[in-house]
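# Survey of secondary and tertiary structure
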Amino acid sequence: MKNKQTIISAVNELLIKKFGIPRRSKVLPNPLDLLIATILSQNTNDNNSYKAFQNLKSRYKSWEELLSEKRIVIENVIRVAGLAKQKSGAIKNLITELNKRGSLSLNFIKGLDNDSAIEQLIGFKGVGVKTASCVLLFALDRNVCPVDTHVHRTVNRVGIVSEKTPDKTFLELNKNFPEGIAHSFHTNLIRLGREICKPTNPGCGVCPLIKLCGYTDKNLKMKTAGKKREFMLLDNVG
Ligand code: SF4
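Residues take numbers from 1 onward in each chain, read along the sequence in its written order. In view of the model being predicted, local features appear only for residues whose pLDDT reaches at least 70, and side-chain atom pairs are presented and counted only at 80 or more, with totals across whole chains, interfaces and linings using the full set of residues.

### Thoughts on the overall build of the protein
- Helix and strand definitions here come from DSSP, where helices need a minimum of 4 consecutive H or I residues and strands a minimum of 2 consecutive E residues; each element is numbered from the N-terminal end. The number of helices and strands found in the protein is 10 helices and zero strands.
- In the protein, the succession of α and β elements from N to C terminus is α-α-α-α-α-α-α-α-α-α.
- For the C-alpha atoms alone, the extent of the protein along its principal axes is close to 55 × 35 × 35 Å.
- In this scheme the burial state of a residue depends on its C-beta neighbours within 10 Å: 20 or more other such atoms mean buried, 12 or fewer mean exposed, and anything in between means partly exposed; the C-beta positions come from the backbone. Put simply, the protein has 238 residues, and 36% of those count as buried.
- Long-range contacts, defined as pairs at least 24 residues apart, comprise 65% of the intrachain contacts of the protein with a sequence gap of at least 6. Two residues qualify as a contact pair if the distance between their C-beta atoms, derived from the backbone, is within 7 Å.

### Points about helix α8 (residues 149-158)
- Most of α8 sits inside the fold, with eight of its 10 residues counted as buried.
- Restricting attention to buried positions, one finds in α8 the residues Val151, His152, Arg153, Thr154, Val155, Asn156, Arg157 and Val158.
- Against the buried residues of α8 lie α1 (4-19), α9 (166-173) and α10 (182-195).
- Among the residues trailing α8, glycine 159 stands out with phi positive, at a value near 105 degrees.

### Side note on unusual backbone geometry
- Not every positive phi belongs to a glycine, and aspartate 141 is a case in point at roughly 55 degrees.
- Unlike most non-glycine residues, asparagine 201 shows phi in positive territory, near 50 degrees.
- Locating asparagine 201 in the fold gives a position in the segment after α10.

### Some thoughts on the packing of helix α2 (residues 31-41) against helix α3 (residues 46-59)
- Where α2 meets α3, the closest approach of the two axes is 8 Å, and the angle between their N-to-C directions is 130 degrees. Put simply, α2 runs oblique to α3. The hand of the α2/α3 crossing is right-handed. Residues Ala37, Leu40 and Ser41 of α2 touch α3, and the partners they reach there are Asp46, Ser49, Ala52 and Phe53.
- In this count, Pro and Cys sit with the nonpolar residues alongside Ala, Val, Leu, Ile, Met, Phe, Trp and Tyr, while Asp, Glu, Lys and Arg are called charged and the others, Gly among them, polar. Looking at the contact of α2 with α3 residue by residue, the classes come out as four nonpolar, two polar and one charged. Comment: axis = line fitted to C-alpha atoms, over the contacting stretch for helices; angle = value between 0 and 180 degrees taken between N-to-C directions. Every angle not falling under 35 degrees, over 145, or within 65 to 115 is termed oblique; those three ranges are roughly parallel, roughly antiparallel and roughly perpendicular. Crossing handedness: left-handed means the near helix sits turned counterclockwise from the far one by under a right angle, and right-handed means the same turn made clockwise.

### What to know about the nonpolar core
- By size, the foremost hydrophobic cluster in this structure holds 57 residues, and its most contacted members are Leu34, Leu40, Ile91, Leu121 and Val135.
- For the domains described, the bounds stem from an automatic or database domain assignment. There are two domains that each give this core at least three residues, and those are domain 1 (4-21 + 148-235) and domain 2 (31-140).
- Excluding residues that lie within four positions of it along the chain, isoleucine 91 makes contacts with Ile36, Ile39, Leu66 and Ile74. Connectivity within a nonpolar core runs through C-beta atoms within 7 Å, and the core itself is a set of buried Ala, Val, Leu, Ile, Met, Phe, Trp, Tyr and Cys residues.

### Observations concerning the domain arrangement of the protein
- Split into domains, the protein comes out as domain 1 (4-21 + 148-235) and domain 2 (31-140).
- Placing a centre on the C-alpha atoms of domain 1 and another on those of domain 2 gives a separation of 27 Å.
- Contacts between domain 1 and domain 2 engage 12 residues on the former and 14 residues on the latter.
- Here the residues of the side of domain 1 that touches domain 2 sort into seven nonpolar, two polar and three charged.

### Focus on the packing of α2 against helix α5 (residues 84-101)
- Contact geometry of α2 with α5 gives a least axis separation of 9 Å together with a crossing angle of 160 degrees. Our classification of the angle between α2 and α5 gives roughly antiparallel. Where α2 crosses over α5, the handedness of that crossing is right-handed. When α2 is examined against α5, the residues Ile36, Ile39 and Leu40 are found in contact with a partner set consisting of Lys87, Ala90 and Ile91.
- Considered class by class, the residues forming the contact of α2 with α5 number five nonpolar, no polar and one charged.

Here you go:
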């Protein structure tokens, strides 16, 4: 088998041929906005978490206003995102902790290397490795590929890594990740996972990766892709 970097680059090119280069906002979002949006996106779809984020932004002029807000009120504002109790607790805790440090900002991670920045972010309640790595990719433009359930499933099926959990996949996948392609690789793989390489009945018959995929249970009968689902919350925070 070819080395991991070569396969990642080949997968990236095939996905770009199929889906194009994913759209990206020209201005990087504020890291704290991005972290809050990513907390809202946990275990729900992008449309609902986007609505919850917009609800927060239109109700509060600044994150400072959350300091004196009751958690239960925040829970009601973000209810559409699901798991509102946990998410409102995580957001309230994040704002409170940052305030204790003296500034409602994540600018302090900008000068850190990737590992240290992730370590700092996962120190906040409700922030895991996936959420932290999204801040690095989408708000700091680091060449880091976050691993959600779609990325975990697809890279393991293709055979790029062989790991049991998303966090282990993240560590293995990101060792010497090819320069400059993390955003397109991550975004297009999510689209592949949503539309074609689904958890059950993957659409191997229409998959652009079929020739290099090592999955042994390919579903060649499936000749149609699912509904086009391009909207990505984290490229629309701002
Ligand atoms: S060939 Fe099938 S299993 Fe492999 S990535 Fe494509 S859809 Fe997934």
